[in-house]
Number of protein chains: 4
Amino acid sequence: MSEPQAADYDNVVNLPRPGAVTQADLAIRTLGTSRIDSPMGHLLDARATTEHYVDENDRVLLDDTVAGIRARGVALEDLPGLEPCGPRRKIYFDPSKTRVGIVTCGGLCPGLNDVIAGLVRTLTYHYGVRRIVGFRNGYQGFISRYGYDEVELTPAYVRDIATEGGTVLGTSRGHQDPEEIVDCLERMHLNVLFVIGGDGSMRGAMGIERVVAERGLKIAVVGVPKTIDNDIPYIDQSFGFQTAFSRAAESIRAVTVEAKSTANGVGLVKLMGRHSGFIACYAALARSDADVVLIPEVPFALDGLLAHLRARVEQRGHAVVVVAEGAGQELMEAELRTDASGNRRLGDIGRFLRTKIEDDFAERDIETSVRYIDPSYAIRSVPANPYDSVYTVRLSQAAVHAAMSGRTAMVVGRVRRRFVHIPMPLAVSKRNQVDPNGDLWQAVLESTGQPVRF
Amino acid sequence: MSEPQAADYDNVVNLPRPGAVTQADLAIRTLGTSRIDSPMGHLLDARATTEHYVDENDRVLLDDTVAGIRARGVALEDLPGLEPCGPRRKIYFDPSKTRVGIVTCGGLCPGLNDVIAGLVRTLTYHYGVRRIVGFRNGYQGFISRYGYDEVELTPAYVRDIATEGGTVLGTSRGHQDPEEIVDCLERMHLNVLFVIGGDGSMRGAMGIERVVAERGLKIAVVGVPKTIDNDIPYIDQSFGFQTAFSRAAESIRAVTVEAKSTANGVGLVKLMGRHSGFIACYAALARSDADVVLIPEVPFALDGLLAHLRARVEQRGHAVVVVAEGAGQELMEAELRTDASGNRRLGDIGRFLRTKIEDDFAERDIETSVRYIDPSYAIRSVPANPYDSVYTVRLSQAAVHAAMSGRTAMVVGRVRRRFVHIPMPLAVSKRNQVDPNGDLWQAVLESTGQPVRF
Amino acid sequence: MSEPQAADYDNVVNLPRPGAVTQADLAIRTLGTSRIDSPMGHLLDARATTEHYVDENDRVLLDDTVAGIRARGVALEDLPGLEPCGPRRKIYFDPSKTRVGIVTCGGLCPGLNDVIAGLVRTLTYHYGVRRIVGFRNGYQGFISRYGYDEVELTPAYVRDIATEGGTVLGTSRGHQDPEEIVDCLERMHLNVLFVIGGDGSMRGAMGIERVVAERGLKIAVVGVPKTIDNDIPYIDQSFGFQTAFSRAAESIRAVTVEAKSTANGVGLVKLMGRHSGFIACYAALARSDADVVLIPEVPFALDGLLAHLRARVEQRGHAVVVVAEGAGQELMEAELRTDASGNRRLGDIGRFLRTKIEDDFAERDIETSVRYIDPSYAIRSVPANPYDSVYTVRLSQAAVHAAMSGRTAMVVGRVRRRFVHIPMPLAVSKRNQVDPNGDLWQAVLESTGQPVRF
Amino acid sequence: MSEPQAADYDNVVNLPRPGAVTQADLAIRTLGTSRIDSPMGHLLDARATTEHYVDENDRVLLDDTVAGIRARGVALEDLPGLEPCGPRRKIYFDPSKTRVGIVTCGGLCPGLNDVIAGLVRTLTYHYGVRRIVGFRNGYQGFISRYGYDEVELTPAYVRDIATEGGTVLGTSRGHQDPEEIVDCLERMHLNVLFVIGGDGSMRGAMGIERVVAERGLKIAVVGVPKTIDNDIPYIDQSFGFQTAFSRAAESIRAVTVEAKSTANGVGLVKLMGRHSGFIACYAALARSDADVVLIPEVPFALDGLLAHLRARVEQRGHAVVVVAEGAGQELMEAELRTDASGNRRLGDIGRFLRTKIEDDFAERDIETSVRYIDPSYAIRSVPANPYDSVYTVRLSQAAVHAAMSGRTAMVVGRVRRRFVHIPMPLAVSKRNQVDPNGDLWQAVLESTGQPVRF
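In the annotation of an unreviewed UniProt entry, chain A is listed under the name ATP-dependent 6-phosphofructokinase and assigned to Pseudonocardia ailaonensis. According to UniProt, the comment filed for chain A under the heading Cofactor (unreviewed entry) is "Mg(2+)". Within the UniProt record for chain A, the comment given under Sequence similarities (unreviewed entry) is "Belongs to the phosphofructokinase type A (PFKA) family. PPi-dependent PFK group II subfamily. Atypical ATP-dependent clade 'X' sub-subfamily."

Next up, the structure:
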């Protein structure tokens, strides 16, 4: 049995252990001194909407458990703290001359269009920025040989985009040459680049920012981190996550109905989560249907799982399994070693489990129907729910304030319900994962009644 | 202009200012020493679902801003901290002999049935408690002259209840004699009472607990705080709040469609929020439709509001107003003083504004249609959305762990994303409100473009 | 007891009794002989999408019951028949020169934007019409003193409009001078006018068409009948009706939850239906919650109703009443005669019943809470559901084919699942109502268990 | 080009051509003379809910087009007509002694639980039948070796079942020995058996009824036809169809979002429809996203399809294909003949098309992403929408009235919006299909702009 945890049992916020992060790691870089007075409000009406600015010296403690603080053994002033988001009294860029670019990268996630719309509205209405362009299809949009035209982004253009899922700018995966990208930024005289993307895209943004710095340019590169798996560290929850697990819960409902409607039915849903099982955990908790949740963070033995399923089917007449796509990879690899034919399909834990369950019941001559679904596209493509709409509005406002004040090489995020600035290197330094000793996983175990280990 | 705030700008978590709360205020009372080994897991399968227990000495800092901590000027050990929720290695009650009561009080709120179901499941499956009763129609259910029978609560009974809104136990408002209630608890040999209700109900629970203590009984009284207005202090967000504002956003959509479809149309929605405008703020942020949000925390002048509306109608062809029910009360009182007839209807800010807007446009001979809705019942009665389902599951698990360990006179809640125990007196000591200088209200101003003050 | 009905018991299709309608009544007027070859399909690809045209001589029998046909006593050829909708081999207008206007009139109804989008797409893609304008805010849009600009309607403009409720063109109620309207049509050289509106608007369209004919103009006036109450005669169901009653069912759910959650609770919903109780009937049948449905077509006595409600509350602990806005008007008038003050509020059957029920329970000293909602705006403003989306697409295609073939003074509709042309005078000649002896009302009685009469 | 059709262009109601069906084919069999007075209404209150009965001699014409009637060349009295549904003045079974069985068979379809609940409520509340049993897992439930217990069906049991999809009775596919089934019916002294199932199940019911007749038993066998594909002939639309295509439209939305968000993206959805493409047609019409709809009724050439998709992708940047599972089978068979390995996977038109499209783009060096989903389980398992809830209530009321009057070997259905009795042999005599010359397919062609043939 492991040691009792410090109070960081929530484990959705996977904070660094003592000593892991210092004040230096949390320092935010800027392009220079902010000397321009922030506009006092809403330009449409020429009336003030802001009278309150963030104190540039304030910080939010990264670690707020007594055990954690004590373990650091440093003076209060030296406890690592995060810079709060919000409008600054002095800004770096002159809004009337500022040119802004926006790009969305990587897989779809609910809320991308909300972020785009939020950035455009805050830039336009709050600061009066007049030139905003969207780049098409991820980092490809900066590279001339792809031949994509930019999109002129205005409040009128973004008015209704958030009612649709996906991204109006299009997206793509993969790396593009940062030199070429900065060539494009220079050619277009951009001052600010917003990158909405996952950890790969943020590494890309760090490359862009490096070239920007090498060339001595004054271009702020600010990220809005996107991950449907909720695996960005430090951050409470990534945008789109609530929408995603809500939709995923609907898929659990579907296989449960199917499983219940046949003799000894087994429902099986594969959900997103290559390294982190948050969607699987939350979706399962959102309903009381799941008998078993399998996540990458908690290895399992196949025999134990199958025995448990047979027992559940006997008790309840059916059983429901929720599996994160990254779970059980080691099982498939083991099988692979003994399988000379090298079947590539084995990488799919959903199909793997379906076959194993079917075979297991067949061997024992128990009638069953395994109903398997993989709702990945259906989940990724929905529009943001109201919670994520609010969250993305606030994130995009925070990102604009940060960029206008000349901050760069950073992302915005919410840590323990406060919007803060996080340096890009820190944001990609590791993955947020479900703590097998934490209270989220404990809640799943209590809810499903599955054993601690199979 | 006010002083720059400390980093407690999030203002959804309305934390006490330095000195306001001491370690003593956060101490949780218990019925006695916990000596019984906690059951190691899930009784259905006789397999362990728990191997991790909360460290009884751990605490979560109440205040985690550098500015806040510094202002207290105390040693680290003396910084006030909250007790974390979770299963304890030693518990106070012997599950096989424990008798539990559950009651729901006050107005409806999404998630009540989820909490009931969660309590019953955790008590039954995790601890093996075999006798759980629900009392009917709030505190009336304990009073014999009302003649309500108790409901036997079992996992089978609660299986599907969370698909419906409301509460299967029924509810009522108002006070009942705590002596009579404790008579009932004694008569039924109950060991634990869970009260799901608002601040009035928690005051009632404190009265019950006082009588329990006076009589030297060993009955744990544990609360799950309910408030659709999200006005409980310290707590991140109350359960049902996200469901409520999501549904409220749909009402904003409805009046926006109505307003847009007529010449110079004005849409007006009155939302819950007697003292706190959280639902109005979040629902407005969830859509980009609202032109004005009015909340109790920010007074406004009628003339300024009407002028702004006329301007918006002229600019955009229509306008949409979201008003919390507690907003503008001082305006109606002022009017009341000059109104000899003492019209009681004036207390309704929605109808008041409708009339004022109609009169204002009529005076200026501008054609308009004011479409007013008050969707209060529609909002209160919906089932919890997936997020609130997860939240209530975790809250109810936390409440059961607390009660089984003998804690009493406390509520469970989530503070900065950690589930903690909060003493009842602290939980009813004040109201959570939108900070007019905080970043939530700032986000609303940026989103609506309304001026800082009318 | 009434005579057994002929098989026209469905009573949603309220067909004329024998002799009421002759073949002459069903004749559709045209502007002249169609001599132009219909375009063979989809212009975008210059590929044929049509190879099948409607036989200009075919008809659908208006009355298809043996009893009905026999009663007419005419030869088969003389049985009245309706002209089928669909593309014609020869059309009247040359698409490349055709100019089209669209207007929406009267109250909101789900599907208005779908009809607009459908008309624009079929005109553009199928026929290649290049000039389509939308008039703003109903018939006001034709009158210059209102000063509204027309909207240029293109496939790009209408691409996403159906995701929103309401009408992008705006609407208004009331009459405008047909001479002025035709002046406008002439001035703009329009050839076709599509009017989407209720019976008042169709009377307006008939006035326009009369002036068109008097002036010897060749302008086709074609209607798409809109009525959320489903009270257009002959037609199966009007567009938006299914969406409307589906949303109304959600309101019944809300008050049922409220009623169940309090002691002796009574839920009360007022639904649309001035003269026809279809929404009330269908919404009540869509759930098994309603104890009583009250519609304009079936008078009731207040005492009987109240006694029934008391009995239900005693049996089930709560009761739910669904009332159409036009029900019980005679009761309120009776009360009015004895009320010298002439309270105008009495016209609202919802508030009237709420007061009566509250008084009735109070008189008998029975605790109750009456929860009353009037969800009218919420129902009207939702976007069309998938069924109504399909229905409006097909209706708008039918309307375009009719207009392009030179038909005028007619509306499109679906009669016994076939899309047909109906002369405007016939379409406004009477109201469709729920038949108190028919099987829809019978289904309601069986479902609620309410007595045949109170 | 085919001959112009008679007015039966709606093609959702696929009526028999002249001469195909005679009056004899439409005759409904009964167990004997109905001599018992029908109960006058609702037994709960002992108040009448019925005063109107169906005229036993009335009929609804099967064919109501002038062209169709004329072609028959028979006297009016001899035109084939359907018997209307509804309560009869005289019934055959004494309700107090009637024992009823219910079984659900075949694949899931939205509304199964609604039908079960409706049957139970009408039997109990309207007729006062006191013994109703549900058989588990389709026809297996009658066979003792499967060992399933029957379920006692009461209004309390069915109260909330319609909020869940699937069937509380469970289901199975396949044939069971009718002799054994009738043994079970005899052993349990059942008088009525309701079979809810597809055409296979109705053939099974015909077998049961044959054995019942051979043994001289008086057991009414009444069907409620279920087919998510909407392929039952004569009937307007089968229950669950609207719910199914509405949910299917959501899947089209999902792949459209995916396709739009990537460069040259192609979205591909496979929908139900082995022999009939109704779901594909309606779902595509419910949105304006689909570029191509492929159905079993309209063969296509692969090269033409691929060329069209490439053109669309070039024009619009993306393309969306909706394919019914039964479409293009002949293409796969052709391929199969040349494929020695006999890959069974080829039967899946979705995967087949995905590969073909990917290969086609790859050959031409065009970047693309094909996003393919098969939402079959998600569609089948949803609860009925409000329309289907109403429809199933009315169908189940009709089925109960038919059975209580002693009718047998028949199903209930809605033909041109009238609820009628249809003999089982007629209901399984053929399949309803989309008419490639009819107006539904025409509407699809106009909406997608796809050519008449590839």
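Moving on, we come to the pairing of strand E6 (residues 99–104) of chain D. All names here are of chain D. Most of E6 sits out of view: 5 of its 6 residues are buried. Pairing geometry for E6 and strand E7 (residues 131–134), over 4 bridges, is parallel. Paired with Gly101 across the strands is Val133, a residue of E7. Taking the sense of rotation as the criterion, the β-α-β connection linking E6, helix H2 (residues 112–127) and E7 turns out right-handed.

Taken as a whole and assessed by the stated rule, the structure comprises 101 salt bridges over all chains. Residue Lys97(B) pairs with Asp94(B) through a salt bridge whose shortest N-O separation is 3.5 Å. Using a relative accessible area of 62% as the deciding quantity, one classes Lys97(B) as exposed. Looking at Asp94(B), the relative accessible area reads 28%, which means it is partly exposed. The partner of Arg287(C) in a salt bridge is Asp289(C), with the nearest N and O atoms 2.5 Å apart. The class of Arg287(C) is partly exposed, set by a relative accessible area of 21%. The buried category is assigned to Asp289(C), whose relative accessible area is 10%. Counted as one network, the salt bridges with shared partners bring together Glu179(A), Asp183(A), Glu186(A) and Arg215(A).

All names here are of chain A. Following the UniProt record, one finds the feature "binding site: Mg(2+)" (unreviewed entry) at Asp199. Along the chain, Asp199 falls in helix H5 (residues 199–214). Taking the relative accessible area as the measure of exposure, Asp199 reaches 38% and is therefore partly exposed. Not counting residues within four places of it along the chain, the set of residues in contact with Asp199 comprises Val428 and Arg431.

Facing the 33 residues of chain B at the interface are 33 residues of chain C. The junction of chain B with chain C conceals about 2500 Å² of combined surface from both sides, 44% of it contributed by carbon and sulfur atoms. When residues of chain B are sorted by the area they lose upon contact with chain C, Glu258(B), Ser261(B) and Tyr377(B) head the list and together hold 23% of the total. Inspection of the region where chain B meets chain C yields 4 salt bridges. Note that Arg380(B) is salt-bridged to Glu258(C), the shortest N-O span being 2.9 Å. Summed over the shared surface of chain B and chain C, the result is 8 residue pairs in polar contact (both at pLDDT 80 or more). At the level of secondary structure, the elements contributing two or more residues to the side of chain B that touches chain C comprise helix H6 (241–260), strand E14 (370–373) and helix H11 (376–380) of chain B. Sort the elements by how many residues they give to the side of chain B that touches chain C and H6(B) lands first, with 6 residues. Residue classes in the side of chain B that touches chain C are distributed as 12 nonpolar, 10 polar and 11 charged.

All right, on to the domain arrangement of chain A then. Residue and element names in this part refer to chain A. Looking at chain A, the domain boundaries give domain 1 (9–238 + 384–427) and domain 2 (241–381). Of the roughly 1400 Å² buried at the junction of domain 1 and domain 2 (both faces included), carbon and sulfur atoms supply 50%. A per-residue breakdown of the area domain 1 buries against domain 2 is headed by Ile228, Asp229 and Gln237, which together make up 36% of the total. Where domain 1 meets domain 2, there are 0 salt bridges. Counting across the interface, domain 1 meets domain 2 through 8 residue pairs in polar contact (both at pLDDT 80 or more). Class assignment for the residues of the side of domain 1 that touches domain 2 results in 7 nonpolar, 8 polar and 4 charged.

The next point concerns the side chain of Asp360(B). All names here are of chain B. With respect to the element layout, Asp360 can be found in helix H10 (residues 349–363). Residue Asp360 is classed as buried on the basis of its relative accessible area of 6%. Polar contacts involving the side chain of Asp360 include one to the side chain of Arg310, which spans 2.8 Å. When sequence neighbours within four positions are dropped, the list of residues in contact with Asp360 reads Leu306 and Arg310.

The rules we used
Residues numbered from 1 in each chain as written. Chains lettered and ligands numbered in written order. Predicted model: local features only at pLDDT ≥ 70, side-chain atom pairs only at ≥ 80, totals over all residues. Heavy atoms only, no water. UniProt positions renumbered as here; feature names shortened; annotations may be inferred. Buried < 20%, exposed > 50% of the residue type's maximum accessible area, 1.4 Å probe, protein only. Helix = DSSP H or I, 4+ residues; strand = E, 2+ residues; numbered from the N terminus. Pairing = 2+ DSSP bridges. Right-handed = clockwise from strand over helix to strand, strands pointing away. Salt bridge = Lys/Arg side-chain N within 4 Å of Asp/Glu carboxyl O. Contact = heavy atoms within 4.5 Å. Buried area = accessible area lost by both parts, 1.4 Å probe. Polar contact = N/O pair within 3.5 Å; in protein donor to acceptor, adjacent residues only side chain to side chain. Nonpolar A, V, L, I, M, F, W, Y, C, P; charged D, E, K, R; others polar. Domains from an automatic or database assignment.

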